[in-house]
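Observations on the model geometry
Listed here are the chains, written in short residue letters.
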Amino acid sequence: MSTIYVVRGVGTAPTEMASYDAALADANVHNYNLVAVSSVVPATATVEEVPTAPDLGPAGNRLTVVQARETTSEPGQTISAGLGWTTGPGAGLFYEASGTDESSVKTSILDGLDAGRDLREWEFDDEQVTISTATHDGSGYTTVVTVAAYGQSEPIL
């Protein structure tokens, strides 16, 4: 059975991309080439929220993820990015959302999970949501991320 690790990060830096990299570093997924997938949890996987990702393989490898991210340069602005997941005895779902209001982000995630369940004839018996939130201090850019990392990384070449 494989584990999908859900991690959160916040980063501030002088450029938008550098703040994203810093947020990924805060979650310990910054040394991988992230490949986004469409949010289905394989039936054989478990989902575990952890403070930071464990070692998932050599730097430069490809890492399959579902991610939510939000960036701002507006002083004093609060931003949020979150994931929700629902699982059961078979496959499950992730939904992601981001924005400037944590409550709205959570509502979007929950609405997405409800809609995704309605599209499938699967059994679901668990639901969780986690959101990363930060307020920009006015210097450069701030980015928040919430990432679901699908197991170990794989060589990209």
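Figured I'd write up the structure that's included with this text. (Residues numbered from 1 in each chain as written. Predicted model: local features only at pLDDT ≥ 70, side-chain atom pairs only at ≥ 80, totals over all residues. Heavy atoms only, no water.)

Here the focus is the pairing of strand E9 (residues 141-150). Within E9, nine of the 10 residues are buried, which leaves the element mostly enclosed by the surrounding structure. Where strand E1 (residues 2-13) lies against E9, 10 bridges are found, and the strand directions are antiparallel. Paired with Ala 13 across the bridge in E9 is Tyr 141. Where strand E5 (residues 62-72) meets E9, eight bridges bridge the pair, whose relative direction is antiparallel. In the sheet register, Val 66 faces E9, and the bridge partner there is Ala 148. (Buried < 20%, exposed > 50% of the residue type's maximum accessible area, 1.4 Å probe, protein only. Helix = DSSP H or I, 4+ residues; strand = E, 2+ residues; numbered from the N terminus. Pairing = 2+ DSSP bridges.)

To continue, consider the pattern of salt bridges. A full pass over the atoms with the stated rule returns four salt bridges. Residues Asp 114 and Arg 117 are paired through a salt bridge, measuring 2.5 Å at the closest nitrogen-oxygen approach. Highlighted residues: Asp 114 and Arg 117, both in helix H2 (residues 102-118), separated by three residues, approximately one helical turn. Overall, Asp 114 belongs to the partly exposed group, its relative accessible area being 38%. For Arg 117, a relative accessible area of 19% gives the class buried. One connected set of salt bridges, linked through shared partners, spans Asp 114, Arg 117 and Glu 127. (Salt bridge = Lys/Arg side-chain N within 4 Å of Asp/Glu carboxyl O.)

Note that all results are geometric; they support no functional claim without further evidence.
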